[in-house]
Amino acid sequence: CVPRFWGPCAASPLASLQETLTGKYGEDAKLIYELQDQGGELLALRYDLTVPFARYLATNKITNMKRYHVAKVYRRDNPATTRGRYREFYQCDFDIAGRFDPMIPDAECLKIVHEVLSDLQLGDFLVKVNDRRVLNGVFAVCGVPESKFLTACSTVDKLDKMPWEEVRSEMVGEKGLSPEAADRIGEYVQLHGGLDLIERLLQDPKLSQNKLAKEGLGDMKLLFEYLTLFGITGKAVLLQQENAHVEESVSVGSVAGGGRYDGLVGMFDPKGRKVPCVGVSIGIERIFSILEQRAKASGEKVRATETEVLVATPQKHLLAARLKLISELWDAGIKAEMLYKKDPKLLKQLQYCEDTGIPLAAIVGEQELTDGVVKLRDVATREEVRM
């Protein structure tokens, strides 16, 4: 599911200098796969596709680009295969680089997430959006020193995984915020809503007086107006789905994430030239985990191959006939395969079709060779026609 007018890009390198990646991911920097000294250079495997893309733009002096990219990334994390969490996995990125009017590219990136997750029929999902300027404004009006904005933000980000009581406890006990400031922050960060909430916050006596928050809320209002025109009601953190046929709910947490990284390209440019960028990244393995769990719960068979026909023989010493026929099918662009045995039993060949979901079997035996025909068998209905 690739939107219109998006071009592929696979230019990002697998390894980078450690100094290139250091400082780009905050607390998640501990997940970077570092490599030992390689001939005098300290290297690391790419953590995502965003930093290499920014480097590519800067190196090639590109100021306007719209691309998608599917490739592997690496995290030194604790694997959880049932939840689609691996140390080596695929991401699919969509990015728009260039100077444009506010929130138009951002809205299109969210439209893409909505389109992809809807077409995959993953179930109910929720796209959560925020603006760091609004959050920093909240911190400011709640009495948090500017030096603690970043560390307070990392704690607030845990609200998806922890209840507010635990988040508040970390703010006060580990991050050094006052209980009063933490309580005031809680009044804001526990709010949920769309355009209606933005309108409320714009009228908030304290928040409306903060320049950063007011700018952020203005852009968020614009974004939601565009999302309304796109007809989006969507998500990037999957809601738990109860299924009558399984004991546990199907949930893998976040399947996509993204945002703006306007200053990143300038960090790689010798002259510090900035290129505004916005993008979204979708975790392929997490999507697969959900689809696999749903298929298992429903009992439906998932085809692991696109093969259209299996070339089969019912008697011995007919390998040559199979090879000749499958070659003709391949040359005609038909997806065909055969068992790699000289004299397989017909029952075993047909069973292979049923196990893998191959719908047709092209059977050529001694009688068919004599008559110059092929017997085409519908594996599901067992109906046969001679062609």
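Quantities reported herein were computed from a predicted structural model and do not represent experimental measurements.

Reading the values: rules and limits
Residues numbered from 1 in each chain as written. Predicted model: local features only at pLDDT ≥ 70, side-chain atom pairs only at ≥ 80, totals over all residues. Heavy atoms only, no water. Helix = DSSP H or I, 4+ residues; strand = E, 2+ residues; numbered from the N terminus. Buried < 20%, exposed > 50% of the residue type's maximum accessible area, 1.4 Å probe, protein only. Contact = heavy atoms within 4.5 Å. Areas by Shrake-Rupley, 256 points an atom, 1.4 Å probe, with all protein chains shown as cover. Polar contact = N/O pair within 3.5 Å; in protein donor to acceptor, adjacent residues only side chain to side chain. Axes fitted to C-alpha atoms, helices over the stretch in contact; angles between N-to-C directions. Parallel < 35°, antiparallel > 145°, perpendicular 65-115°, else oblique. Left-handed = near helix turned anticlockwise from the far one by under 90°. Nonpolar A, V, L, I, M, F, W, Y, C, P; charged D, E, K, R; others polar. Core = buried A, V, L, I, M, F, W, Y, C linked by side-chain atoms within 4.5 Å. Lys, Arg positive; Asp, Glu negative; His and termini not counted. Salt bridge = Lys/Arg side-chain N within 4 Å of Asp/Glu carboxyl O. pLDDT = per-residue confidence, 0-100. Patch = residues over 30% accessible without salt bridge, like charges linked within 9 Å, V, L, I, M, F, W, Y side chains within 5 Å. Charge placed at Lys NZ, Arg CZ, Asp CG, Glu CD. Pairing = 2+ DSSP bridges. Arc of directions from axis to C-beta.

1. Overview of the overall build of the protein
Turning to step 1, where the next piece is worked out: In terms of helices and strands, the protein carries 14 helices and 14 strands.
Turning to step 2, where the next piece is worked out: Scored against the burial criterion, the 387 residues of the protein give a buried share of 43%.
Turning to step 3, where the next piece is worked out: A separation of at least 24 residues holds for 62% of the contacts in the protein among residues at least 6 apart in sequence.
Turning to step 4, where the next piece is worked out: Approximately 22200 Å² of the protein is accessible, and the part contributed by carbon and sulfur atoms is 52%.

2. Section: the environment of Arg184
Turning to step 1, where the next piece is worked out: Considering the arrangement of structural elements, one finds Arg184 in helix α7 (residues 179-189).
Turning to step 2, where the next piece is worked out: Only 3.0 Å separates the side chain of Arg184 from the backbone oxygen of Cys142, close enough to count as a polar contact.

3. Quick word on the packing of helix α5 (residues 149-156) against helix α6 (residues 164-173)
Turning to step 1, where the next piece is worked out: α6 packs onto α5 with a crossing angle of 160 degrees between their chain directions and a minimal axis gap of 9 Å. With respect to each other, α5 and α6 are oriented roughly antiparallel. In terms of crossing hand, the pair formed by α5 and α6 is right-handed. Counted together, Ala152, Thr155 and Val156 of α5 and Val167, Glu170 and Met171 of α6 form the full contact between these two elements.
Turning to step 2, where the next piece is worked out: Classifying every residue of the contact of α5 with α6 by side-chain character gives four nonpolar, one polar and one charged.

4. So, the nonpolar core
Turning to step 1, where the next piece is worked out: In this structure, Phe139, Met171 and Ile185 are the most contacted members of the largest nonpolar core, which totals 52 residues.
Turning to step 2, where the next piece is worked out: When residues of this core are assigned to their parent elements, the largest contribution, seven residues, is made by helix α3 (residues 104-119).
Turning to step 3, where the next piece is worked out: In contact with Met171, other than residues within four places in its own chain, are Ala152, Thr155, Val156, Trp164, Gly176, Leu177, Ala182 and Ile185.
Turning to step 4, where the next piece is worked out: Membership of the second largest hydrophobic core comes to 13 residues, among which are Ala54, Leu57, Tyr261 and Cys277.

5. Topic: the side chain of Glu337
Turning to step 1, where the next piece is worked out: Its location among the elements puts Glu337 in strand β11 (residues 336-337).
Turning to step 2, where the next piece is worked out: Put simply, Glu337 is tucked away with no salt bridge, and the nearest opposite charge, on Arg303, sits 7.0 Å away.
Turning to step 3, where the next piece is worked out: A distance of 2.5 Å separates polar atoms of two side chains, one belonging to Glu337 and the other to Thr307.
Turning to step 4, where the next piece is worked out: The residues touching Glu337, leaving out its near neighbours within four places in the chain, are Thr305, Thr307, Val309, Leu310, Val311, Ile326, Tyr352 and Ile358.

6. Remarks on unusual backbone geometry
Turning to step 1, where the next piece is worked out: Positioned with a positive phi, Lys61 is a non-glycine residue whose angle comes to about 55 degrees.
Turning to step 2, where the next piece is worked out: Within the element layout of this structure, Lys61 appears in the loop between α2 (50-59) and β4 (65-74).
Turning to step 3, where the next piece is worked out: Overall, Lys61 belongs to the exposed group, its relative accessible area being 60%.
Turning to step 4, where the next piece is worked out: The residue Gln121 is not glycine, and still its phi comes out positive at about 55 degrees.
Turning to step 5, where the next piece is worked out: Take Gln121: it is sitting in the loop between α3 and β6 (125-126).

7. Describing the confidence of the model for the protein
Turning to step 1, where the next piece is worked out: The predicted model of the protein has a mean per-residue pLDDT of 86, with 86% of residues at 70 or higher.
Turning to step 2, where the next piece is worked out: For the stretch residues 238-250, pLDDT sits under 50, and the model shows 23 contacts to residues farther than four places along the chain or on other chains.

8. Let's talk about a positive patch on the surface
Turning to step 1, where the next piece is worked out: Residues Lys316, Lys341, Lys345 and Lys348 make up a contiguous surface patch of positive charge.
Turning to step 2, where the next piece is worked out: Relative to the helices and strands, Lys345 resides in the loop between β11 and α13 (346-356).
Turning to step 3, where the next piece is worked out: Residue class for Lys345 comes out exposed when judged on its relative accessible area of 67%.

9. Points about the sheet that holds strand β10 (residues 309-312)
Strand pairing in a sheet is mediated by backbone hydrogen bonds. Such pairs are either parallel or antiparallel.
Turning to step 1, where the next piece is worked out: A sheet is described by the order of its strands in space; here five strands give the open sequence β11-β10-β12-β13-β14, paired in mixed fashion. Both outer strands of the open sheet, β11 and β14 (384-386), are each paired with one neighbouring strand and no more.
Turning to step 2, where the next piece is worked out: Of the strands in this sheet, β10, β11 and β12 (360-363) touch helix α12 (residues 319-331), which is tilted by about 155 degrees from β10.

10. Things to note about the environment of Leu310
Turning to step 1, where the next piece is worked out: Tracing the sequence through the fold places Leu310 in strand β10.
Turning to step 2, where the next piece is worked out: Measuring from C-alpha to C-alpha, the distance between Leu310 and Glu337 comes to 5.1 Å, with 27 residues separating the pair along the chain.
Turning to step 3, where the next piece is worked out: When neighbours within four sequence positions are excluded, Leu310 is seen to be in contact with Glu337, Met338, Leu339, Gln349, Tyr352, Cys353, Ile358, Leu360, Ala361 and Ala362.

11. Quick word on the pairing of strand β13 (residues 375-378)
Two faces, one strand: in a regular strand the side chains alternate between the faces of the sheet.
Turning to step 1, where the next piece is worked out: Where β12 meets β13, four bridges bridge the pair, whose relative direction is antiparallel. Bridge pairing in β13 places Leu360 opposite Asp378.
Turning to step 2, where the next piece is worked out: Pairing of β13 with β14, which is carried by three bridges, proceeds in the antiparallel orientation. Note on β14: the bridge partner recorded for Arg377 is Glu384.
Turning to step 3, where the next piece is worked out: Counting the residues between successive antiparallel strands, the hairpin from β13 to β14 contains five residues, one of them, Arg382, with a positive phi of roughly 70 degrees.

12. A short note on α13
Turning to step 1, where the next piece is worked out: Those residues of α13 lying buried are Gln349, Leu350, Cys353 and Thr356. Along the axis of α13, the buried residues cluster in a sector spanning 135 degrees; they form a single face. Turned more than 90 degrees away from the buried face of α13 sit Leu347 and Asp355, all of them exposed.
Turning to step 2, where the next piece is worked out: Buried residues belonging to α13 abut β10, α12, β12 and β13.
Turning to step 3, where the next piece is worked out: Phi turns positive one or two residues past the end of α13, at Gly357, with a value near 80 degrees.

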